[in-house]
Protein chains: 2
Amino acid sequence: MNKRTKLKDIADQLGISITTVYRALNNKSDINEETKRKILDLANELEYRPNSLAISLRKNKMIPLVGVILPIINHYFFATVLKGIMSNAHLHNSLIIAGESLQDPTKEKRILDQFMDQGVSGIIMAPARNSNFEKNIIPLLHKRTPIVIIDRMYDHYKGNYVLTDDYGGGYKATQHLLDNGYKRIAHIGSTDDKSIGTERRKGYVAALNDAGIFPKEEYIILSDIDNPDTTIEKGYEAAAILFKLKNPPDAVFAVTDDIAIGVIEYAKENNIFIPEELGIVGFSNSKMSNYIRPRLTTVEQNGFKMGQLAFDYFSKASSSYGEVFQKTFDLDLIIRESSLGKK
Amino acid sequence: MNKRTKLKDIADQLGISITTVYRALNNKSDINEETKRKILDLANELEYRPNSLAISLRKNKMIPLVGVILPIINHYFFATVLKGIMSNAHLHNSLIIAGESLQDPTKEKRILDQFMDQGVSGIIMAPARNSNFEKNIIPLLHKRTPIVIIDRMYDHYKGNYVLTDDYGGGYKATQHLLDNGYKRIAHIGSTDDKSIGTERRKGYVAALNDAGIFPKEEYIILSDIDNPDTTIEKGYEAAAILFKLKNPPDAVFAVTDDIAIGVIEYAKENNIFIPEELGIVGFSNSKMSNYIRPRLTTVEQNGFKMGQLAFDYFSKASSSYGEVFQKTFDLDLIIRESSLGKK
DNA sequence: TAAGTTTCCGTAAACGTTTACGTAAATTTC
DNA sequence: GAAATTTACGTAAACGTTTACGGAAACTTA
């Protein structure tokens, strides 16, 4: 394995200076065409490849580099958040260095460290499901690293964030089912008590309570929805449990569109008519929700806007110390067929 | 806006040498505990972070920063490719800097330049629809930047790539429709003649020809599918055109699952029964394809594997000069309800 | 107390590229 | 044909970290 050629190798072989070689390879002026040709030929032969490390070091370019960490990169919502971040980053000539925590706080921490070592100017992140804020995120604040949190909250966090009103979304969804005549409204949520699912569940409970209803424990099924590739199956399984109850529900508010779709799957296979026998509301307004039959009523979550705003906040936070930027997006219900009401 | 602290800053403030500071910060021997403490304290206060560029340069280790450019970041296939790239990058302690070209060659070029300026060690990219290889990609080869192309090809490109056999996929899909008794097989493709759609269309034509059929021009509809948010609508519109023909087709091979779903939409609204009256095959095995009714027969494209391999190739290309790595993945047909054959 | 041993720190040269500056030789200008 | 300009190169010092080497001062040993 012969070593990688550098400018000096070419210079030595041709008996000229490094600078001249440099000029030839970078289309600089002050060089003879003949010399240039010889240099380019030799560079070609020796397969010269510039050392980007040395270049960056010399140029002192630790460019505007923003670290973005998301739990699942090929999840539509998060991918769209990333798209939103990028769209604004592009306008500011910022570069995005991306990582996927796969909902693993340890991995998340590792990525954060890598990013900081790499010299990112700050972090925009949607924390992992049960991310350790104290260990992973708070230390960054102490180091005055600009950071914007997306989509998930932690009680003692007082920094910048862009959230959605998950509580309100859960409330609206449940209220909507009540308004459409459903009485026995079940909920399929996430096992994780730190997830945003908790807020949606609280909204669900609150809406029921406000209507004088106190949901039975058996109507609330918590499911492990860590793996996005199996979420639909989890919805299916949860539905199976619900419909084996003595007194099955007549509506389901699912914490996720995918879960809701799993429920629809189950209902179809078991000849349970939607929305006549079963009303369903999901969460996210995923692409699929509009094309499954019946079309799924869902709560809209605009990832693109959230991403854009997150980058804006990041920008501001980077240039002004002390100031804090926070926003909670209201969520709108998108009413479609799956919750049209009982016959 | 104060500059990033370096060893020299700490050394100067304490009136000691850089080497001593280095020793303190790296747990080396030959240092007094008292001195060490002072250095660590100051380093903490000044928020010292080692310059990874300088470290890697001195240690002769390439910095593991890979630029990834994709046409559409929140498209499931591309997002999954990204996930695959990341999964392997993670194993190699590589970092991913990501950009979205939005199918715009100008933007693509700009991102490439930004990435090179930032000192990425190379590029993995799925070129934009009508990317200008000569202008955007070939120059990188001349600079000996390691590069791996995904998903799209250009005749004169002789470098590393990871492709799918789109021609074969189109052939298989069409053949499958023929095998199931469909005779008048239409195709909805992409307007862009440089896109992968062309290969799929060629496969379609070839399969028909091999069966002694020469498709009418009116059975091939090309649609502008640039915007992923409207692709389904485009499929719907194309179907509308097809079914207003005097002699409408009895099957459609769509260049994309989303297009196929648009066709299904149209069929449902117009009481055209699938698969009895109309067979449909899509392309991509998108998540949705398995949950739309009827379930969509489609050609599987394993983005995750492609991403992983792309990173592997990138790794190899970075350390071995001259060698070229190329792979074309065979595509499997996933047979579901939408093409079960005529009654 | 002279010689040997630690302890602690500094000097200077790398890593590969970029760039300000300098300067012979060749060319142009008047 | 002397002066001014241009052409085509070279020198050396950066960028921030690492490391081989050397050497005073403090401490030990006989």
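Everything that follows concerns the structure shown earlier in this document.
Residues numbered from 1 in each chain as written. Chains lettered and ligands numbered in written order. Predicted model: local features only at pLDDT ≥ 70, side-chain atom pairs only at ≥ 80, totals over all residues. Heavy atoms only, no water.

Take the nonpolar core next. In terms of nonpolar packing, the biggest core is built from 85 residues, with Leu278(A) and Leu278(B) touching the most fellow members. Excluding residues that lie within four positions of it along the chain, Leu278(A) makes contacts with Tyr182(A), Phe243(A), Pro249(A), Asp250(A), Ala251(A), Val252(A), Val263(A), Ala267(A), Ile272(A), Phe273(A) and Ser338(A). (Core = buried A, V, L, I, M, F, W, Y, C linked by side-chain atoms within 4.5 Å. Buried < 20%, exposed > 50% of the residue type's maximum accessible area, 1.4 Å probe, protein only. Contact = heavy atoms within 4.5 Å.)

Near DNA strand C there are 24 residues, and of these Lys6(A), Tyr22(A), Tyr48(A), Arg58(A) and Thr20(B) occur at the shortest range. Among all atoms of DNA strand C positioned within 4 Å of the protein, those belonging to sugar or phosphate total 63%. Lys6(A) has a polar side-chain atom sitting 2.5 Å from a phosphate oxygen of DNA strand C. Between DNA strand C and Tyr22(A) there is a distance of 3.3 Å, counted from a phosphate oxygen to a side-chain nitrogen or oxygen. Elements that contribute at least two residues to the surface near DNA strand C include exactly α2 (18-25) and α4 (52-59) of chain A together with α2 (18-25) and α4 (52-59) of chain B. Of the residues in the surface near DNA strand C, the class split is ten nonpolar, nine polar and five charged. (Near = heavy atom within 4 Å. Polar contact = N/O pair within 3.5 Å; in protein donor to acceptor, adjacent residues only side chain to side chain. Helix = DSSP H or I, 4+ residues; strand = E, 2+ residues; numbered from the N terminus. Nonpolar A, V, L, I, M, F, W, Y, C, P; charged D, E, K, R; others polar.)

What follows covers the protein's contact with DNA strand D. Within the structure, DNA strand D sits among 24 residues, and Ser17(A), Thr20(A), Tyr22(B), Tyr48(B) and Arg58(B) are positioned closest to it. Within 4 Å of the protein, the contacting atoms of DNA strand D are 62% sugar and phosphate, with bases supplying the remainder. A distance of 2.9 Å is found between a base nitrogen of DNA strand D and a side-chain nitrogen or oxygen belonging to Arg23(A). Taking Lys6(B), its side chain carries an N or O atom lying 2.6 Å from a phosphate oxygen of DNA strand D.

Right, let's talk about the interface of chain A and chain B for a bit. Listed per partner, the contact involves 65 residues of chain A and 67 residues of chain B. Of the roughly 6100 Å² buried between chain A and chain B, counting both surfaces, carbon and sulfur atoms make up 53%. Counting the surface chain A buries against chain B, the share from its top three residues, Arg49(A), Leu53(A) and Tyr291(A), is 13%. Viewed at the interface, chain B and chain A are joined by eight salt bridges. (Buried area = accessible area lost by both parts, 1.4 Å probe. Salt bridge = Lys/Arg side-chain N within 4 Å of Asp/Glu carboxyl O.)

Here we take up the pairing of strand β2 (residues 95-100) of chain A. All names here are of chain A. In terms of residue burial, β2 counts as a mostly covered element, since six of its six residues are buried. Side chains Leu95, Ile97 and Gly99 project from β2 onto one buried face, and the interleaved Ile96, Ala98 and Glu100 project onto a second face that is buried too. For strand β1 (residues 65-70) and β2, the ladder comprises six bridges, and the chain directions are parallel. Along β2, the bridge assignment pairs Val66 with Ile96. (Pairing = 2+ DSSP bridges.)

Before going further, it helps to examine the sheet that holds strand β8 (residues 251-254) of chain B. All names here are of chain B. Pairing is parallel in the open sheet, where four strands are placed in the order β7-β6-β8-β9. If you trace the sheet from one side to the other, it starts and ends with β7 (220-223) and β9 (279-281), each paired once. Each strand of the sheet is rotated relative to its neighbour by a mean of 15°, with strand direction disregarded. Pairing of strand β6 (residues 185-190) with β7, which is carried by four bridges, proceeds in the parallel orientation. (Axes fitted to C-alpha atoms, helices over the stretch in contact; angles between N-to-C directions.)

Within the secondary structure, Gln114(B) is located in helix α6 (residues 105-118). Assessed through its relative accessible area of 14%, Gln114(B) is described here as buried. Setting aside its immediate chain neighbours within four residues, Gln114(B) contacts Asn93(A) and Leu95(A).

Glancing now at the relation of the copies chain A and chain B. Superposition record for chain A on chain B: RMSD 2.7 Å, screw rotation 174°, translation along axis 1.3 Å. What the superposition gives is, in effect, a two-fold axis relating one chain to the other. Measuring from the rotation axis to each C-alpha of chain A, the shortest distance belongs to Leu57(A), at 2.2 Å. Looking at the interface residues of chain A, 92% of them are also at the interface in chain B, so both copies use one shared face. (Least-squares fit on C-alpha atoms with pLDDT ≥ 70 in both.)

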